[in-house]
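# Secondary and tertiary structure notes
Here is how the chains run, residue by residue.
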Amino acid sequence: MVEVRKFSIIVTTHNRINYISKCLDSVLQQTYKNFEIIIIDDNSEDGTDTLIHDKYNMDFIKYFKVKFNDISKVRNYALSKVNGDTMIFVDSDDWIEKYLLEKINEQDTQNDIIRYQAVMIDDDNKIREEFITNNFNNKRGIEVLNEFATNHEIYSPLWLYAYDVKFWKKNKFVFPEGKLQEDFAIMSLILSKTNYISSIPYVGYKYYRSSSSIMRNSNYQIQVKKAYDVLSHCDNFYNQIIMKQSDDCIRSNLINYYMSVLKHKSSLLDGKDQDAFLKEISLRENIWR
């Protein structure tokens, strides 16, 4: 096996000591060995720092402890530490299959992004959801974004892709600090700028959805903030993607998709909150169409 790329594996964590070993071990078990691991710990108080020092004290593992309380700030900080050619993001309670880096390395290096496949695993290790798309080679990102939007595919999780570092830095992608749904905020922009993207069939990522994460997501005030943050992201998409798109069909498909996302967010709100948010959607419908 010819090792072409050096991978940077970005692992962000906060109080995940019960899970992070499985995550890091899955990286260490990769058949492809040319990688670095960048761990950004957002002020964990559960002994994560001691675990990393005792068990993962290796030259190619870089550990940084910060106090941001903001996943976007954490990820932006992680980007400043990357020294590889290709990077992937792995949440600290998830894990990757052992051939993932090898499968990515086999792909054409002209790709700005390589999409792989994933499944959601629950507390009983059962598959609850699949993140699977068709296989394709060297397609324009805006075309892929259009297909994802038309088919209403879930495409925004950051951990579904490997990213060429030069491509990322050239376009100066950053995560929106202080806002939720940061994956959604950035993936449409990334895809719209992508010259070449390929999708491989390998199911290389296991996304762990615990019962505790479901409870966190049920907080109503968080749902309200998510709704308005998504509204802000969609305004940005309109200015940065839709307004610059000359293909009327793609424009229409993207507008329809983002409208459907906003209407879904409105369905999670109650009473006056829902009424106010629906008014915001109505304003966008009048402007965007």
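Here's a quick rundown of the structure. (Residues numbered from 1 in each chain as written. Predicted model: local features only at pLDDT ≥ 70, side-chain atom pairs only at ≥ 80, totals over all residues. Heavy atoms only, no water.)

### Section: the overall build of the chain
Along its length, the chain carries eleven helices and ten strands. Radius of gyration (C-alpha) of the chain: 19 Å, near the 19 Å computed for a compact globule of 289 residues. Considered along the principal axes of its C-alpha atoms, the chain spans approximately 55 × 40 × 35 Å. With an accessible surface of roughly 13800 Å², the chain has 46% of that area assigned to carbon and sulfur atoms. Charged side chains in the chain number 38 positive and 41 negative. The centres of these two groups are separated by 3 Å. (Helix = DSSP H or I, 4+ residues; strand = E, 2+ residues; numbered from the N terminus. Rg over C-alpha atoms; globule rule 2.2 N^0.38 Å. Areas by Shrake-Rupley, 256 points an atom, 1.4 Å probe, with all protein chains shown as cover. Lys, Arg positive; Asp, Glu negative; His and termini not counted. Charge placed at Lys NZ, Arg CZ, Asp CG, Glu CD.)

### Remarks on the packing of aromatic side chains
The tally for this structure, following the rule as stated, stands at 25 aromatic pairs. Measuring from ring centre to ring centre gives 5.9 Å for Tyr155 and Tyr257, while their planes differ by 45°; the resulting arrangement is tilted. Linking Tyr155 in the loop between helix H5 (141-151) and strand S9 (161-164) with Tyr257 in helix H10 (residues 248-267), this pair joins segments that are 102 residues apart in sequence. Each member of the pair, Tyr155 as well as Tyr257, carries the same accessibility label: buried. For the ring pair Phe184 and Phe237, a centre distance of 5.2 Å and an interplane angle of 70° mean the geometry is edge-to-face. Remark: Phe237 occurs in helix H9 (residues 220-242) and Phe184 occurs in helix H7 (residues 182-193); sequence separation between them is 53 residues. Accessibility assignment for this pair places Phe184 and Phe237 in one class, buried. Members of the aromatic cluster, joined through ring pairs, are Phe89, Tyr161, Tyr163, Phe167, Trp168, Phe173 and Phe175. (Phe/Tyr/Trp six-rings, centres within 6.5 Å; stacked < 30°, edge-to-face > 60°. Buried < 20%, exposed > 50% of the residue type's maximum accessible area, 1.4 Å probe, protein only.)

### Describing the environment of Glu102
Positionally, Glu102 belongs in helix H4 (residues 100-105). For the pair formed by Glu102 and Phe131, sequence separation is 29 residues and the distance between their alpha carbons is 20 Å. There is a polar contact of 2.5 Å between the side chain of Glu102 and the side chain of Thr31. (Polar contact = N/O pair within 3.5 Å; in protein donor to acceptor, adjacent residues only side chain to side chain.)

### Considering the pattern of salt bridges
Inspection of every chain in the model, using the stated rule, returns 17 salt bridges. Notably, a salt bridge pairs Asp235 with Arg284, separated by 2.8 Å at the nearest N-O pair. One end of the pair, Asp235, is in helix H9; the other, Arg284, is in helix H11 (residues 271-288), and 49 residues separate them in sequence. Across the salt bridge formed by Arg284 and Glu280, the nearest N and O atoms sit 2.5 Å from each other. Remark: Glu280 and Arg284 occur in helix H11; sequence separation between them is four residues, near one turn of the helix. Salt bridges sharing common partners tie together Arg75, Asp91, Glu182 and Asp183. (Salt bridge = Lys/Arg side-chain N within 4 Å of Asp/Glu carboxyl O.)

### Brief notes about the layout of surface pockets
One way to see where empty space is left: roll a probe the size of a water molecule over the atoms. When its volume is computed, the second largest pocket comes out at roughly 270 Å³. Looking at the second largest pocket, it is lined by 16 residues, and the ones nearest its centre are Val174, Ala185, Leu189, Asn236 and Gln240. Those elements that provide at least two residues to the lining of the second largest pocket are H7 and H9. Here the lining of the second largest pocket takes five residues from H7, the largest share from any one element. Its residues assigned to classes, the lining of the second largest pocket shows seven nonpolar, six polar and three charged. (1 Å grid on protein atoms, 1.4 Å probe; cavity = no way out; pocket = protein on both sides within 12 Å on 5 of 7 lines; lining within 4 Å. Points joined across faces, edges and corners; volume = space filled by probe spheres on them. Nonpolar A, V, L, I, M, F, W, Y, C, P; charged D, E, K, R; others polar.)

### Some remarks on the environment of Leu145
Here Leu145 lies in helix H5. Note on Leu145: relative accessible area 0%, which makes it buried. As for Leu145 and Trp168, which are separated by 23 residues in sequence, their C-alpha atoms are 17 Å apart. Setting aside chain neighbours within four positions, we find Leu145 in contact with Tyr155, Ser188, Leu191, Ile241, Leu254 and Tyr258. (Contact = heavy atoms within 4.5 Å.)

### Comments concerning the pairing of strand S2 (residues 35-42)
Along any regular strand, the residues point their side chains to alternate faces of the sheet. Among the eight residues in S2, eight count as buried, and that is most of the element. Burial along S2 is two-sided: Phe35, Ile37, Ile39 and Asp41 facing one way and Glu36, Ile38, Ile40 and Asp42 facing the other are all buried. Sheet topology note: the strand S1 (residues 7-13)/S2 ladder contains seven bridges and is parallel. The residue bridging Thr12 from the neighbouring strand is Ile40, located in S2. In this fold, the crossover linking S1 to S2 by way of helix H1 (residues 20-28) has right-handed handedness. As defined by bridge partners, S2 adjoins strand S3 (residues 61-66) across six bridges and the pair is classed as parallel. Residue pairing across strands places Ile39 opposite Tyr63, the latter belonging to S3. The β-α-β motif built from S2, the intervening helix H2 (residues 48-55) and the parallel element S3 has right-handed crossover chirality. (Pairing = 2+ DSSP bridges. Right-handed = clockwise from strand over helix to strand, strands pointing away.)

So, to be careful, I would describe these as geometric facts and stop short of saying anything about function.
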